[in-house]
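An overview of the molecular structure
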Amino acid sequence: MMEQAYNRGVSLQHATAPTNAICLAQDDILNQQTILANLQRYFQFPDYFGENFDAAYDLLLDVVDTLTTPTVWCFCTGSQPTIDSDALAIWQQLMQDLMHYAGSKGVKLQIELFIEP
């Protein structure tokens, strides 16, 4: 059975992630570096990406500006990684801010984080 909770607007799913989910961890570690590297890879940030959350936010605003229909972005933790909870909280706030921005533009953006067993 899938558990669901909401934290800062990000839907937390305690279940196996769908295959299209963007994994935030790498080599069983989830921290600022792995989050930013995976966002850069998935959203194809340019080479000049500053590798910090502010730069990621700015580049993701550009992605949100291209959305015209309701959109769901799925992310996952990977299976039992070592998690930097501060980095994950910053990521959640970043996602909340992006959802708010999308809503202000009349587009629904939903963020789901799958916390894998």
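These figures come from a predicted structure and were not determined experimentally.

Here we look at the pairing of strand S5 (residues 71-79)
Burial analysis of S5 places 7 of its 9 residues in the buried class, which makes it a mostly covered element. Across 2 bridges, strand S3 (residues 22-23) lies against S5 in parallel orientation. When the sheet's bridge partners are listed, Ile-22 is paired in S5 with Phe-75. Of the strand pairs in this sheet, S5 and strand S7 (residues 109-116) are connected by 7 bridges, and their pairing is parallel. Of the residues in S7, the one forming a bridge with Trp-73 is Ile-111.

Considering the pattern of salt bridges
Tallied over the entire structure, the rule returns 1 salt bridge. Measuring nitrogen to oxygen at the nearest pair gives 3.8 Å for the salt bridge that ties Lys-105 to Asp-65. Here Asp-65 lies in helix H2 (residues 53-65) and Lys-105 lies in the loop between helix H3 (85-104) and S7, a separation of 40 residues in the sequence. Judged by its relative accessible area of 48%, Lys-105 is partly exposed.

Comments concerning the nonpolar core
In terms of nonpolar packing, the biggest core is built from 34 residues, with Trp-73, Phe-75, Trp-91 and Met-95 touching the most fellow members. Only strand S2 (10-14), helix H1 (32-43), H2, S5, H3 and S7 provide two or more residues apiece to this core. When sequence neighbours within four positions are dropped, the list of residues in contact with Phe-75 reads Ala-21, Ile-22, Leu-24, Leu-39, Phe-43, Trp-91, Met-95, Ile-111, Glu-112, Leu-113 and Phe-114. Counting residues in hydrophobic clusters, the runner-up holds 6 residues, among them Ala-15, Ala-17, Cys-74 and Phe-114.

A short note on H1
In an α-helix, one turn spans 3.6 residues, which is why side chains three or four residues apart end up on the same side. Over its 12 residues, H1 runs 16 Å from end to end, which matches the ideal 16 Å to within 8%, given 1.5 Å per residue. Here the buried face of H1 lies against S3, strand S4 (29-30), H2, S5 and H3. Of the residues that open H1, the one with a side-chain oxygen 3.1 Å from the backbone nitrogen of Gln-33 is Asn-31. Of the residues trailing H1, Gln-44 is marked for its positive phi of about 55°.

Description of the confidence of the model for the protein
On average, residues of the protein score 91 in pLDDT, and 93% of them are at 70 or above. Overall, residues 1-8 carries pLDDT values under 50, and its contacts beyond four positions in sequence, including any with other chains, amount to 20 contacts.

Some words on unusual backbone geometry
Phi angles above zero are rare outside glycine, and Asp-27 is one such case at about 50°. Inspection of the secondary structure puts Asp-27 in the loop between S3 and S4. The phi torsion at Gln-44 lies on the positive side, around 55°, for a residue other than glycine. Along the chain, the position of Gln-44 falls in the loop between H1 and H2. When its relative accessible area of 68% is taken as the criterion, Gln-44 is described as exposed.

Calculation rules
- Residues numbered from 1 in each chain as written.
- Predicted model: local features only at pLDDT ≥ 70, side-chain atom pairs only at ≥ 80, totals over all residues.
- Heavy atoms only, no water.
- Buried < 20%, exposed > 50% of the residue type's maximum accessible area, 1.4 Å probe, protein only.
- Helix = DSSP H or I, 4+ residues; strand = E, 2+ residues; numbered from the N terminus.
- Pairing = 2+ DSSP bridges.
- Salt bridge = Lys/Arg side-chain N within 4 Å of Asp/Glu carboxyl O.
- Core = buried A, V, L, I, M, F, W, Y, C linked by side-chain atoms within 4.5 Å.
- Contact = heavy atoms within 4.5 Å.
- Expected span 1.5 Å × (residues − 1).
- Polar contact = N/O pair within 3.5 Å; in protein donor to acceptor, adjacent residues only side chain to side chain.
- pLDDT = per-residue confidence, 0-100.

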